[in-house]
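Listed here are the chains, written in short residue letters.
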Amino acid sequence: PNQVDIFFVFDGTGSMEDFKEAIIAAVREVQSAATEYWQENYPGERKASIRYSIAMYKDYTETEYYKRIPLEDGNIDKINLLLETHNYAGGLDEPAVFNGIISAIKDGSIEMRDASFRAVVLIGDMGNLGTSNEPDPNGHTIEDIMGMLKTNNCDFYAIHTASDSELESHAKFEREAKTIMDALPQGYSDYIPLT
């Protein structure tokens, strides 16, 4: 379809401060690649209508642990401004990754267009709740994420910003991303480490 809906979901905690420029670059690259892909592969056909949403998540202990810009036309500047001005602070190494993904898809489900191509792009360094084995306070599980992606026909792409993959919390991000990928058809997901 020429309608494309892309959801960015990123970790806004203090551990991501060193990766701020990498996050901005990754989002801009996806934005450029989506436009270029359509132009290169479907020349002469209807121009793609690409819309973006972005959601930021932090630890549940933070006052504002989830913030989102809706899926809409012409909001690239608004999204880029959020990324450039966001204060990466707070957090106790227990980011609410699952809540960020599920909330972004749930909130965006009423904004998605019928038969659009849909993709969720996760950008972070730690797995859900870091190394904690406590249940998600909102009851979210990895199976819930897989179900939400399938129900809403979303591709899934995980961009891992961790520079030290030996840390358990960072290794957990990769394991969780690949578990989600394994539940989707081949070619509908990818894991990209930024080291």
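Throughout what follows, the structure given in this document is the object of discussion. (Residues numbered from 1 in each chain as written. Predicted model: local features only at pLDDT ≥ 70, side-chain atom pairs only at ≥ 80, totals over all residues. Heavy atoms only, no water.)

**Describing the nonpolar core**
Consideration 1: Ranked by internal contacts, the top residues of the largest apolar core, which has 27 residues, are Ile 101, Val 120, Leu 122, Leu 149 and Phe 156.
Consideration 2: Within the residue set of this core, elements represented by two or more residues are strand S1 (3–11), strand S2 (49–57), helix H3 (97–109), strand S4 (117–124), helix H4 (142–151), strand S5 (154–160) and helix H5 (168–183).
Consideration 3: A per-element tally of this core places H3 first, with six residues.
Consideration 4: When sequence neighbours within four positions are dropped, the list of residues in contact with Ile 101 reads Val 9, Leu 122, Ile 145 and Phe 156.
Consideration 5: Counting residues in hydrophobic clusters, the runner-up holds 25 residues, among them Phe 8, Phe 19, Tyr 52 and Leu 83. (Core = buried A, V, L, I, M, F, W, Y, C linked by side-chain atoms within 4.5 Å. Buried < 20%, exposed > 50% of the residue type's maximum accessible area, 1.4 Å probe, protein only. Helix = DSSP H or I, 4+ residues; strand = E, 2+ residues; numbered from the N terminus. Contact = heavy atoms within 4.5 Å.)

**Considering the sheet that holds S2**
Consideration 1: Taking strand neighbours across the sheet as the criterion, the six strands line up as S3-S2-S1-S4-S5-S6 in an open arrangement whose pairing is mixed. Because the sheet does not close on itself, it has two edges, and the strands there are strand S3 (66–72) and strand S6 (189–193). Neighbour-to-neighbour, the strand axes of the sheet open up by a mean angle of 15°, direction not taken into account.
Consideration 2: With five bridges joining them, S5 and S6 adopt parallel strand pairing. Looking at the pairing, Phe 156 lines up with Ser 189 of S6. (Pairing = 2+ DSSP bridges. Axes fitted to C-alpha atoms, helices over the stretch in contact; angles between N-to-C directions.)

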